[in-house]
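# Per-entry structural report
Letter by letter, the chains look like this.
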Amino acid sequence: MIDPEVFALGFDDYLARVAALTDDVLIPAEAEMVAAGSVPDRVLRELAHHGLFAVSIPRRLGGLDWSMTQQVRLTMEFTRASCVYRSRFSTVIGLCSQAILDHGTHEQREGLLPKMAAGEHVTAFALTEPDAGSDAASLTTTARRVDGGWVVDGRKRYITNGHWADDLVVFARTGEAADGAAGVSAFFVPRVSEGVTTRLPERMNGHAEAPVAEIELTGVRVDDSALLGGSVGTGFAAALRGINHARLHVAATCVGQATRMLEETTRHLLGRRQFGAPLADLGAVQADLGGCFADLEAGRALTLAAAEAFDSGHIPRHRIAAAKLFSSEMAGRVADRCVQLLGGEGIVGDNPVPRMWRDVRALRIYEGSSPVHERNLGRAVARHVGMDGTLPDTYRVTRGPAAGA
């Protein structure tokens, strides 16, 4: 349940409260989380108490309704702590809530979003399959019409929060279409439904304390009310709405993680002496720190610019993809440099940077892998320049008639 005082806070005060939560609760609890292999229940209660499940949901539906720019600034703050914490509410504030807001029925919005904002109802976005990842149009999960409802069959893979969600938002093929998209719909499937089985992997290379799930759906019966929006064929539109939102949050997460890793590493270098001076005084070390900082600030600026464009009323999907691509690659570069600068502590002991190094590697895969973003952005550049001579989502000013013409 959200602390009622949160609703009276202006954004700057709320941001300061989240910063304090990060420093006083989330970062100190990381060792406990790692030892337990999962996020402690008391920390999940703190996340809900401070309203982090509610940041993107409208106030009339129990949320805090911060703008995208504000959400990005918040994400950069709370992801100075382990990004595992964020994963526990990421599907609520991003993929699922945005699909429900834009494409759900009145009853679905009113019935689900207040509980989601309060942290009382967790949803998981079940799109990816064993043979349908980046090529989402190749979905093989099906939903077959029966009297009064649907029967869903299929398999899903790599589903964040899939093992403990209350509802799975399952994307399934309900018809055929030439482009593969119009034949896909989304359904709310309670995780405890008969015919639903979820499994966790034996090993995670990063994000070990919030493992993704594999889901099997065998003859799962749902009512007509489970169809997102009450109409078939709108599944991909709903998915894309949430994905653009989620990609910006991932970009901001990369900035938050890189900030923490650079600060932790610099503190180590200031405190460790070699050759009669702090390691931070060595020119080669300073060059690495400077390069990391420049990379970090470029990612921060690109992500904030994309968020501001989002808030202007147009979703700049190419700029969002560029922010996600650059920031996730940036976080990997910063992580690798920081582990190297830590020397032995980069591979032995309890320093948080090596753990974060493993965690941020996954962010180059989540919400569209780097190679796929590079390909799609390259196609967009060629297409837009071919049409009107300008880049996609361009900042350029349209020129009027020349002076004196």
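In the block above lies the structure referred to throughout.
Notes on the structure follow. Only a predicted model underlies this, so the values are computations on that prediction, with no experimental measurement involved.

The buried count for strand S4 (residues 167-173) comes to 7 of 7 residues, which makes it a mostly enclosed element. In S4, alternate side chains face the same way, and those of Asp167, Val169, Phe171 and Arg173 on one face and Leu168, Val170 and Ala172 on the other are all buried. In this structure, strand S1 (residues 123-126) lies alongside S4, joined through 4 bridges in parallel fashion. When the bridges of S4 are listed, Thr123 appears paired with Asp167. Bridge count between S4 and strand S5 (residues 184-190): 7 bridges; the pairing is antiparallel. Across the sheet, Phe171 pairs through a bridge with Ala186, a residue of S5.

Of all hydrophobic cores here, the largest spans 57 residues; its most connected members are Tyr14, Leu26, Leu52, Leu74 and Phe171. At the level of secondary structure, the elements contributing two or more residues to this core comprise helix H1 (11-26), helix H3 (41-49), helix H4 (68-78), helix H5 (83-103), helix H6 (106-117), S4, S5 and helix H7 (235-271). For this core, the leading source of residues is H5, giving 10 residues. For Phe171, the contacting residues outside a window of four places in its chain are Phe125, Ala126, Leu127, Glu129, Leu139, Thr141, Lys156, Val184, Ser185, Ala186, Gly235 and Ala239. In this structure, Val250, Ala252, Leu289 and Ala331 belong to the second largest nonpolar core, which totals 37 residues.

For the rest of this paragraph, the subject is the layout of surface pockets. Any empty space left between the atoms is revealed when a probe the size of a water molecule rolls over them. Size it by volume and the second largest pocket reaches roughly 340 Å³. In terms of lining residues, the second largest pocket is bounded by 22 residues, among which Val34, Asp350, Asn351, Pro352 and Arg355 are the most central. If you list the elements that add at least two residues to the lining of the second largest pocket, you get helix H2 (30-36) and helix H10 (352-361). It is H10 that contributes the most residues to the lining of the second largest pocket, 5 residues altogether.

What follows is about a nonpolar patch on the surface. Together, Val381, Val385 and Leu391 line one region of the surface with nonpolar side chains, adding up to about 230 Å² of accessible area. Mapped onto the elements of the fold, Leu391 is located in the segment after helix H11 (370-388).

Thresholds applied
Residues numbered from 1 in each chain as written. Predicted model: local features only at pLDDT ≥ 70, side-chain atom pairs only at ≥ 80, totals over all residues. Heavy atoms only, no water. Buried < 20%, exposed > 50% of the residue type's maximum accessible area, 1.4 Å probe, protein only. Helix = DSSP H or I, 4+ residues; strand = E, 2+ residues; numbered from the N terminus. Pairing = 2+ DSSP bridges. Core = buried A, V, L, I, M, F, W, Y, C linked by side-chain atoms within 4.5 Å. Contact = heavy atoms within 4.5 Å. 1 Å grid on protein atoms, 1.4 Å probe; cavity = no way out; pocket = protein on both sides within 12 Å on 5 of 7 lines; lining within 4 Å. Points joined across faces, edges and corners; volume = space filled by probe spheres on them. Patch = residues over 30% accessible without salt bridge, like charges linked within 9 Å, V, L, I, M, F, W, Y side chains within 5 Å. Areas by Shrake-Rupley, 256 points an atom, 1.4 Å probe, with all protein chains shown as cover. Salt bridge = Lys/Arg side-chain N within 4 Å of Asp/Glu carboxyl O.

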